[in-house]
Amino acid sequence: MAFRLKIVPENTAVDFQAKNKIAALFSAFLILGSFGIFMLQGLNLGIDFKGGILLEARTSQQQADVAALRRDLGGLGLGEVSIQSFGAPQDVLIRVQRQEGDEKAQIAALEKITATLGADFDVRRTEFVGPTVGAELQEKGILAVLCALLAIMVYIWFRFEWQFSIAAILALSHDIISTIGLFAFTSFEFNLATVAAILTIAGYSINDTVVVFDRVRENLRRYKSQEQREILNISLNETLSRTVMTSVTTALALLAIIFFGGAVLRDFAIALLWGVAIGTYSSIFVAVGFISRFDLKAAAEEAEEHGLTNNE
């Protein structure tokens, strides 16, 4: 006899719509709190945005001791130092924040780093990321997020109706703002990898939202005699098992990265884990909660009539 793991029981009948007011209060608290923390504390911008020194080095040993490098370079008093392995086990990528002063200060810091690395390391590449480049990367990061949101909104508009499009963009904005608030609250480093995490969160969240929206649209045609509130609850309960299972399996992979992926990937994985949780919540309560404000049944009937007219 086959054994099947069921996190969500079959034929669930949760009244999600009855919890919309509580969810709205929680979301308002989350968004206002994120804005407040961001305004008061700001973000801990990484070298990608602030500028700094980048080195690529290869050790003569079989594997680079990243922990020892963090300890040695961290004691130089150069500020923020980020070290990660990449490519071969012997290769490391070292980022050091921009030093106060002119180009001479940057060169002096570079000489300190190379002296600390010693003869065991061969410095293969050196780059200086200036403040102008950092500002440009900030601008492009913001532009990438805005373009992604706009493209998603247009897609949902054509795929469904304008009400669904606005609901989806509000849910995504909710997820992104709360993620930025998380980074402001925890002071995790905010860098290009974080921008990639935010875009990944947006993609994950919209995928979940589209599944729910598709079931809502299908049930609006199937249960024409039912009230809209009941149709929304039926749709959410029918997709609940899929939503929870997808979130749990994704969370398990991210937990493995958090515990075993090292310091470099930890912040990125934590951001994604938060995004999975908040994206699941927003798909159920924010996106569907918003479209519940519209008369979807009337819109569906009107669209169906136009469809019949066009066919004729």
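Position numbers for residues count from 1 along each chain, tracking the sequence in the order it is written. Owing to the predicted nature of the model, reporting of local features is limited to residues with pLDDT of at least 70; listing and counting of side-chain atom pairs is limited to 80 or more, with chain, interface and lining totals taken over all residues. Side-chain metrics rest on all non-hydrogen atoms present in the structure, leaving aside hydrogens and water.

Re the overall build of the chain
Convention followed: In this description a helix means any DSSP run of H or I spanning at least four residues, a strand means any run of E spanning at least two, and both kinds are numbered starting from the N terminus. Whether a residue is buried, partly exposed or exposed follows from its accessible area with a 1.4 Å probe, protein chains only, as a fraction of its type maximum: under 20%, in between, or over 50%, in that order. We call two residues in contact when some of their heavy atoms are within 4.5 Å.
Broken down by element type, the chain carries 10 helices and six strands. Within the chain, the fraction of its 312 residues that count as buried is 39%. Sequence-distant contacts, at least 24 apart, represent 78% of the contacts inside the chain between residues at least 6 apart.

Structural notes on helix α8 (residues 228-260)
Put simply, the test is: Helices are assigned an expected span. That span is 1.5 Å times one less than the residue count. The angle separating two fitted axes, one through the seven residues that finish at a residue and one through the seven that start at it, defines the bend at that residue.
Taking 1.5 Å as the rise per residue, α8 with 33 residues should run 48 Å; its terminal C-alpha atoms sit 46 Å apart, in good agreement. Its maximal kink placed at L240, α8 deviates by approximately 45 degrees.

Observations concerning the sheet that holds strand β4 (residues 91-97)
In plain terms, the rule: Pairs of strands are assigned from DSSP output, requiring at least two bridges between the strands. Angles run from 0 to 180 degrees between N-to-C directions of axes, and those axes are lines fitted to C-alpha atoms, restricted for helices to the stretch in contact.
Strand order across the open sheet formed by four strands is β3-β4-β2-β5, with antiparallel pairing between neighbours. Each end of this open sheet is capped by a strand with a single partner; those strands are β3 (81-85) and β5 (121-129). Averaged over all adjacent pairs, the angle separating strand axes in this sheet is 15 degrees, with direction ignored. Direction of pairing for strand β2 (residues 52-59) relative to β4: antiparallel, over a ladder of seven bridges. Across the sheet, residue R58 finds its bridge partner in β4, namely D91.

Things to note about the packing of aromatic side chains
Cut-off, in case you're wondering: When the centres of two rings from Phe, Tyr and Trp lie within 6.5 Å, Trp using its six-membered ring, the rings pair. Their planes under 30 degrees apart give stacked, over 60 give edge-to-face, and anything left gives tilted.
What the rule picks out here adds up to five aromatic pairs. A ring pair is formed by F183 and F188, whose centres lie 6.0 Å apart and whose planes are at 80 degrees; its orientation type is edge-to-face. Residue F183 shares its accessibility class with F188, and that shared class is buried. Where F183 meets F190, the ring centres are 5.8 Å apart and the plane angle is 90 degrees; that geometry is what we call edge-to-face. Judged by its relative accessible area of 2%, F183 falls in the buried class. Judged by its relative accessible area of 9%, F190 falls in the buried class. The structure contains a cluster of three or more aromatic residues connected by ring pairs, namely F26, Y281 and F285.

Points about the pattern of salt bridges
As a reminder of what qualifies: For this document, the term salt bridge refers to a Lys or Arg side-chain nitrogen within 4 Å of an Asp or Glu carboxyl oxygen.
For the coordinates displayed, the defined rule picks out eight salt bridges. D91 is paired through a salt bridge with R58; the nearest N and O atoms lie 2.6 Å apart. Linking D91 in strand β4 with R58 in strand β2, this pair joins segments that are 33 residues apart in sequence. Look at D91 and you get buried, because its relative accessible area is 6%. Of the charged contacts in the structure, one is a salt bridge between D214 and R217, with a shortest N-O distance of 3.0 Å. Of the two residues, D214 and R217 both sit in helix α7 (residues 192-222), three residues apart, roughly one turn of that helix.

Some remarks on the nonpolar core
Filter applied, for reference: Buried Ala, Val, Leu, Ile, Met, Phe, Trp, Tyr and Cys residues that are joined via side-chain atoms within 4.5 Å together make up what is termed a nonpolar core.
Ranked by size, the top nonpolar core spans 48 residues in total, and within it I156, F164, I206, F213, V216, V288 and I291 carry the most contacts. Secondary-structure elements contributing two or more residues to this core are α1 (20-41), α5 (131-159), α6 (162-186), α7, α8 and α9 (263-291). Looking at which element gives the most residues to this core, the answer is α7, with 12 residues. Here I206 is in contact with I152, I156, A168 and L172, once residues within four sequence places are set aside. Within the second largest apolar cluster, 17 residues are counted, among which are L73, L78, V92 and I94.

Section: the packing of α7 against α8
The condition that has to hold: Orientation labels follow simple angle bins: below 35 degrees gives roughly parallel, above 145 gives roughly antiparallel, 65 to 115 gives roughly perpendicular, and whatever is left gives oblique. For a crossing to be left-handed, the near helix must be turned anticlockwise from the far one by less than a right angle; the clockwise case is right-handed.
Two elements in contact, α7 and α8, have axes whose closest approach is 9 Å; the angle formed by their N-to-C orientations is 155 degrees. In terms of orientation, α7 and α8 fall into the roughly antiparallel class. The chirality of how α7 crosses α8 is right-handed. Here α7 contributes Y204, N207, D208, V211, V212, R215, V216, N219 and L220 to the contact with α8, which in turn contributes I231, L232, I234, S235, L236, E238, T239, R242, T243, T246, S247 and T250.

So, helix α4 (residues 103-117)
Where we set the bar: By definition, the arc is the one covered by directions from the helix axis to the C-beta atoms.
In a regular helix each residue adds 1.5 Å, so 15 residues correspond to 21 Å; α4 covers 21 Å between its end C-alpha atoms and thus fits that length. Considered for burial, the residues of α4 that qualify are Q106, A109, L110, I113 and L117. Buried positions in α4, seen along its axis, are confined to an arc of 100 degrees and lie on one side of it. Opposite the packed face of α4, turned more than 90 degrees from it, sit the exposed residues K104, E111 and A115. Next to the buried residues of α4 lie β2, α3 (66-74), β4 and β5. One or two positions beyond α4, positive phi appears at G118, with a value near 80 degrees.

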